[in-house]
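Notes for the structure review
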Amino acid sequence: TPIATRHIYSETADATADIAAALQQAKAQNKRVILDFGGDWCGDCQVLDIHFHQPPNGQLLESNFVLVHIAIGNFDKNVDVARKYNIPLDKGVPALAVLDADGNLLYAQKTGEFEDMRNMNPQSVTDFLNKWKA
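Residues numbered from 1 in each chain as written. Predicted model: local features only at pLDDT ≥ 70, side-chain atom pairs only at ≥ 80, totals over all residues. Heavy atoms only, no water.

Re the nonpolar core
Among the nonpolar cores identified, the biggest contains 28 residues, and Ile19, Val33, Leu35, Phe37, Ile70, Tyr85 and Ile87 are the most heavily contacted of them. By residue number, the principal contributor to this core is helix α1 (residues 15-29), which donates five residues. Setting aside residues up to four positions removed in sequence, tyrosine 85 forms contacts with Ile19, Leu35, Ala97, Leu99, Gly103, Leu105 and Ala108. Val47, Phe52, Leu96 and Phe128 belong to the second largest nonpolar core, which has 16 residues in total. (Core = buried A, V, L, I, M, F, W, Y, C linked by side-chain atoms within 4.5 Å. Buried < 20%, exposed > 50% of the residue type's maximum accessible area, 1.4 Å probe, protein only. Helix = DSSP H or I, 4+ residues; strand = E, 2+ residues; numbered from the N terminus. Contact = heavy atoms within 4.5 Å.)

Shown next, in the form of structure tokens:
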């Protein structure tokens, strides 16, 4: 069954400004930042978003992270931002990076770990959030 497409990634957002705002919030709330590179057209990105928001992940995410969705268009938008955070977009999306509140890169998805999200379970997202929370 096709996944209902929800609007997650804004094509008009300023990714650099969004990241700066997220870092400010993370610092104030003692959280980390997750950058989620993808597109509304990407089924695995849609599944990841569902997994992010179901229990216990929604609570884990809310308590420990500020989530920034970064639209990549047809792999032609925010390419510089992806490069800055060592995200190889050619490996597929969704692709995640984790930053500390100072903007230091703690993790960058190198091998398309989540590009096959449809065949992964919510527990893999739980494990990821637990591993990278502050």
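Observations concerning the side chain of aspartate 36
Mapped onto the elements of the fold, aspartate 36 is located in strand β1 (residues 32-38). The buried charged residue aspartate 36 lacks any salt bridge partner; its closest oppositely charged side chain belongs to arginine 6, at an N-O distance of 9.3 Å. At 2.9 Å, the side chain of aspartate 36 forms a polar contact with the side chain of tyrosine 9. Those residues in contact with aspartate 36 that sit more than four places away from it in its chain are Tyr9, Leu48, Leu67, Val68, His69, Ile70, Pro94, Ala95 and Leu96. (Lys, Arg positive; Asp, Glu negative; His and termini not counted. Salt bridge = Lys/Arg side-chain N within 4 Å of Asp/Glu carboxyl O. Polar contact = N/O pair within 3.5 Å; in protein donor to acceptor, adjacent residues only side chain to side chain.)

Examining the packing of aromatic side chains
Applying the stated rule across the entire model yields four aromatic pairs. Their ring planes at 55° and their centres at 5.7 Å tell us that tryptophan 41 and phenylalanine 75 sit as a pair that is tilted. Of the two residues, tryptophan 41 sits in the loop between β1 and α2 (43-53) while phenylalanine 75 sits in the loop between β2 (65-71) and α4 (79-84), which places them 34 residues apart along the sequence. Relative accessible area serves as the criterion here: at 39%, phenylalanine 75 is assigned to the partly exposed category. Put simply, the rings of Tyr107, Phe114, Phe128 and Trp132 pair up and form one aromatic cluster. (Phe/Tyr/Trp six-rings, centres within 6.5 Å; stacked < 30°, edge-to-face > 60°.)

Looking at the pattern of salt bridges
By the definition in use, this model includes three salt bridges. Aspartate 44 serves as the salt-bridge partner of arginine 118, at 2.9 Å between the closest nitrogen and oxygen. With arginine 118 in the loop between β4 (105-108) and α5 (122-132) and aspartate 44 in helix α2, this pair connects stretches of sequence that are 74 residues apart. Taking relative accessible area as the criterion, aspartate 44 reaches 7% and is therefore assigned buried.

Some thoughts on unusual backbone geometry
Here proline 55 and proline 56 are connected by a cis peptide whose omega angle stands at -5°. Between valine 93 and proline 94 the backbone carries a cis peptide bond, its omega angle lying at 5°. Along the chain, proline 94 falls in the loop between α4 and β3 (95-99). The phi angle at asparagine 30 is positive, at roughly 55°, despite the residue not being glycine. Secondary-structure assignment places asparagine 30 in the loop between α1 and β1. Since its relative accessible area comes to 64%, asparagine 30 is described here as exposed. At phenylalanine 75, a residue that is not glycine, the phi angle is positive and equals roughly 60°.

Things to note about α5
Think of an α-helix as turning once every 3.6 residues; residues three or four places apart then point the same way. If you check which residues of α5 are buried, you get Ser124, Val125, Thr126, Phe128, Leu129 and Trp132. As for α5, its buried residues are in contact with β1, α2, α3 (57-64), β2, β3 and β4.

By themselves, these figures tell us nothing about what the structure is for.
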